[in-house]
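# Topology and contacts: notes
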Amino acid sequence: MMKLRLTVDYLLSRQLEEEGVHKLKDYISRESKEILTKGVPKDKLSELPKIIELNISKDVITVEIESGTFARSHAVALRLKNFLSMHLGKEFKIGIKKVTGITYTLNLDLEKIPKDPITIPFVDKISIQDNKAILTLKDLDEEFLTKNYVDRIINLFYDKVEAQFWGGKGEHWEIISKSKDIEPLTNKDPTLELLAKGWLKQGPSQGQWFYHAPVAALLRTMEKIAVQEILNPLGFTEVIAPKMVPFEIWEKTGHLSGSEPEIYYVSPPISRDASVWEEVIDLYKITKKAYVDKIRERMRNPIGGMTYAQCPPMYWAFEGKTIDDSEFPLKMYDKSGPSYRWEAGGRQGIERVNEFWRIEPLFIGYPDQLIEIKEKMMERYAYVFDKIFEIEWRTAWVTPFYMAQSGQIGIEKETERIKGTVDYESWIPSRGSREESEWLEFQNLSIVGDKYTKAFSIKSSKNKELWSGCSGIGLQRWTVSFLAQKGVDPENWPKEFKKYLGEFPKHIKFV
Ligand code: ATP
Ligand code: ZN
Ligand code: MG
């Protein structure tokens, strides 16, 4: 059983006289029962919160509260604040100026004993004694006590203990379907082939490529196929979402619970005034160099980052809206700009880059509508990969992205297999045999449930349950999946593909 012990100070607007002290103590002992019992189930009375100490001296009331799981001490402290305010105000014309949690000791049961030390913000000390963890917090303000921080700290602590045991186990993966075997026309690495032809140039920055005309034509062909074979027939319409995403949006989507190490952060200048920048400008004029330190001094704090996935701003666009029921399912897509992720050492060829192009379809509707859209999308995808690309591919259930970001790996319950993420993977023969090599995830499709429609308060006019889903079509990954099996000679590409390709651009001859 968890034990939460909080010492809280209520600072009064002025001192309470001795007679008042007596009266107040009396009120508390006679009337505080409701405060202490509310929310505690009948069969858990052993976990009733208790006031173990009460001290009134001058202008401070100090209370020590002990609780179990239900009606937690911090919640009781706030109920007590209202109770005290009422009596103090009515009878003595005294207000409560400030509430401070002096110390908060969380005594938590452990099923597994953590192997390594754990640190958590706001927590001064964590000590492990037998099968208990004791977390000590100090000097907590009222906001901290009001806003569920303590509950989140407890959850985070247990998550971190759990993570020490599954660490490295990676994500859940379970095959759903597989296309028929297709004999590849090559076993060469597409990026190396494209480089050899001079169709690609690496850089100028990490994880970026310059795509010469032939590769640009290929990427655009992929885009055309996605739009004409999948999105248009299914009634998706194009939107153009901003590509610089403020933190406020990611706070809502939860991308800030794990994507941080991959985000490209954006900081605007502190001023548009040329005089502020004069030194930097002059330094460049003299040395022809960018003085990065001087530039950094003139930058504001980051306001957000570059697009990580395209759906967050699409949800934002509908934030707080009640949408007429006749509109569902809403189907839209964005293909208007690149996404950025700091892949660091994970970069590989053109398939795993820091700057890449995706098309992201997003759909919002009733659960049964979403199930239907997902089925239809999967049908259209299958058509493209079987009949236009003629490649070998498969699908798998994986840890949903919205869980992976927070380090969770479990998959939704078997019966709830509607929600979750399907990864699409292609065989890359240059990596090895179809049985043994690692396949390339080239796109995914997720049904998220009501997580984002709730987070952004998107409602139907009939107030029905709304779900959402999205799919990330990676254009570089489509291209690599295709070239890895079909090679880089357009002569050998399937007829249906060539229809979309049109005239393939000739490449500039370098000497
Ligand atoms: P991975 O496990 O390969 O890192 P992810 O789980 O991070 O992929 P998602 O966030 O699910 O990828 O993004 C969806 C799609 O975006 C991927 O299927 C892929 O097509 C594309 N994508 C993601 N990261 C990259 C990248 N670094 N380079 C190119 N395409 C990418
Ligand atoms: Zn998405
Ligand atoms: Mg990734």
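Nothing here was measured: the structure is a model prediction, and the numbers come from that model. (Residues numbered from 1 in each chain as written. Chains lettered and ligands numbered in written order. Predicted model: local features only at pLDDT ≥ 70, side-chain atom pairs only at ≥ 80, totals over all residues. Heavy atoms only, no water.)

## Quick notes on the overall build of the chain
Keep this limit in mind: Note on conventions: DSSP H or I runs of at least 4 residues are helices, E runs of at least 2 residues are strands, and numbering of each starts at the N terminus. The atom set for the radius of gyration is the C-alpha atoms, and the globule formula is 2.2 Å times the number of residues raised to the power 0.38. Only protein chains enter the calculation, and the probe is 1.4 Å; a residue is then buried if its accessible area is under 20% of its type maximum, exposed if over 50%, and partly exposed in between. In this analysis, two residues are considered to be in contact whenever any of their non-hydrogen atoms come within 4.5 Å of each other. Neither His nor the chain termini are counted; the positive set is Lys and Arg, and the negative set is Asp and Glu. A charge is said to be at NZ when it belongs to Lys, at CZ for Arg, at CG for Asp and at CD for Glu.
In terms of regular secondary structure, the chain is built from 16 helices and 22 strands. Taken over the C-alpha trace, the chain has a radius of gyration of 30 Å; the compact-globule value for 511 residues is 24 Å, which it surpasses by more than 25%. Here the C-alpha coordinates of the chain stretch approximately 100 × 65 × 50 Å along the principal axes. Each of the 511 residues in the chain was classed as buried or not, and the buried ones make up 47%. Long-range pairs, those at least 24 residues apart, make up 75% of the contacts in the chain with a sequence separation of at least 6. In the chain, the 74 positive side-chain charges and the 76 negative ones have mean positions that sit 2 Å from each other.

## What to know about the nonpolar core
Rule in force here: Buried residues of nine kinds, namely Ala, Val, Leu, Ile, Met, Phe, Trp, Tyr and Cys, make up a nonpolar core once their side-chain atoms join them within 4.5 Å.
Counting 56 residues, the largest nonpolar core has Tyr381, Phe385, Phe389, Trp478 and Phe497 as its most contacted members. Considering each element in turn, this core owes the most residues, 10 residues, to helix 7 (residues 213–231). By size, the runner-up hydrophobic cluster in this structure holds 48 residues, among which are Val8, Leu16, Val21 and Val40.

## Some points on helix 3 (residues 73–92)
Rules: In this analysis, the expected span of each helix is defined as 1.5 Å times one less than the number of residues it contains.
Taking 1.5 Å of rise per residue, 20 residues should cover 28 Å, and helix 3 covers 27 Å from first to last C-alpha, within 8% of that figure. Trailing helix 3 by a residue or two, Lys93 shows a phi angle of about 55 degrees, which is positive.

## Points about the site of ligand 1
Operational definition: Near, as used in this document, describes a residue that has one of its heavy atoms within 4 Å of the molecule or strand being considered. Counted as a polar contact is a pair of N or O atoms within 3.5 Å, where, for protein atoms, one must be capable of donating a hydrogen and the other of accepting one, and residues adjacent in sequence contribute only when both atoms are in side chains. Nonpolar residues are Ala, Val, Leu, Ile, Met, Phe, Trp, Tyr, Cys and Pro. Charged residues are Asp, Glu, Lys and Arg, and all others, Gly as well, are polar.
Looking at ligand 1, there are 14 residues lining it, with Glu343, Arg352, Val353, Glu441 and Asn444 nearest. Here an oxygen atom of ligand 1 and a side-chain polar atom of Glu441 are 2.7 Å apart. The side chain of Arg477 places a nitrogen or oxygen atom 3.1 Å from an oxygen atom of ligand 1. At the level of secondary structure, the elements contributing two or more residues to the shell around ligand 1 comprise strand 17 (355–365), strand 20 (440–449) and strand 22 (467–474). Broken down by element, the shell around ligand 1 gets its largest block of residues, four residues, from strand 20. Within the shell around ligand 1, the residues separate by chemical class into three nonpolar, four polar and seven charged.

## Comments concerning the sheet that holds strand 2 (residues 50–57)
Where we set the bar: At least two DSSP bridges between two strands are needed for those strands to be called paired. All axes are obtained by fitting lines to C-alpha atoms, using only the stretch in contact for helices, and the reported angles, taken between N-to-C directions, cover 0 to 180 degrees.
Read across the open sheet, the six strands follow the order 2-3-1-4-6-5; overall the sheet is antiparallel. Each end of this open sheet is capped by a strand with a single partner; those strands are strand 2 and strand 5 (123–129). Going from strand to strand, the sheet's axes swing by 10 degrees on average, the running direction of each strand aside. Contacts from helix 1 (residues 18–31) reach strand 2 and strand 3 (60–67) within the one sheet, and its direction differs from that of strand 2 by about 170 degrees. Along the sheet, helix 5 (residues 149–166) makes contact with strand 1 (3–12), strand 4 (96–109), strand 5 and strand 6 (132–140), crossing strand 4 at roughly 25 degrees.

## Details of the coordination of the zinc ion (ligand 2)
The following threshold applies: Note that water is not among the atoms used; donors are N, O and S atoms within 2.8 Å of the metal (3.2 Å for Na, K and Ca), so sites may look incomplete.
Taken together, the protein ligands of the zinc ion (ligand 2) are Cys311 (SG), Glu360 (OE) and Cys470 (SG), with distances of 2.0 to 2.4 Å. Mapped onto the sequence, the donors of the zinc ion (ligand 2) take the spacing C-x48-E-x109-C. In this pair, Cys311 is assigned in helix 11 (residues 311–317) and Glu360 in strand 17, connecting sequence segments 49 residues apart. Residue Glu360 is classed as buried on the basis of its relative accessible area, which comes to 1%.

## As for helix 5
An ideal rise of 1.5 Å per residue puts 26 Å on 18 residues; helix 5 measures up with 25 Å between its terminal C-alpha atoms. Along helix 5, the residues that are buried comprise Val150, Asp151, Ile153, Ile154, Phe157, Val161 and Gln164. Of the surrounding elements, those touching the buried residues of helix 5 are strand 1, helix 3, strand 4, strand 5, strand 6 and helix 4 (142–146).

## A short note on the packing of helix 1 against helix 3
Applicable threshold: An angle counts as roughly parallel when it lies under 35 degrees, as roughly antiparallel when it exceeds 145, as roughly perpendicular when it falls between 65 and 115, and as oblique in every other case. By definition, any crossing whose near helix is turned counterclockwise from its far helix by less than a right angle is left-handed, and any crossing with a clockwise turn is right-handed.
The contact between helix 1 and helix 3 brings their axes to 11 Å, and the two run at 140 degrees. When the axes of helix 1 and helix 3 are compared, the pair comes out oblique. Crossing of helix 1 over helix 3 shows right-handed handedness. Packed against helix 1, whose contacting residues are Gly20, Lys23, Leu24, Tyr27, Ile28 and Glu31, the element helix 3 presents Phe83, Leu84, His87, Leu88, Glu91 and Phe92 at the interface. In terms of residue class, the contact of helix 1 with helix 3 is made up of seven nonpolar, two polar and three charged.

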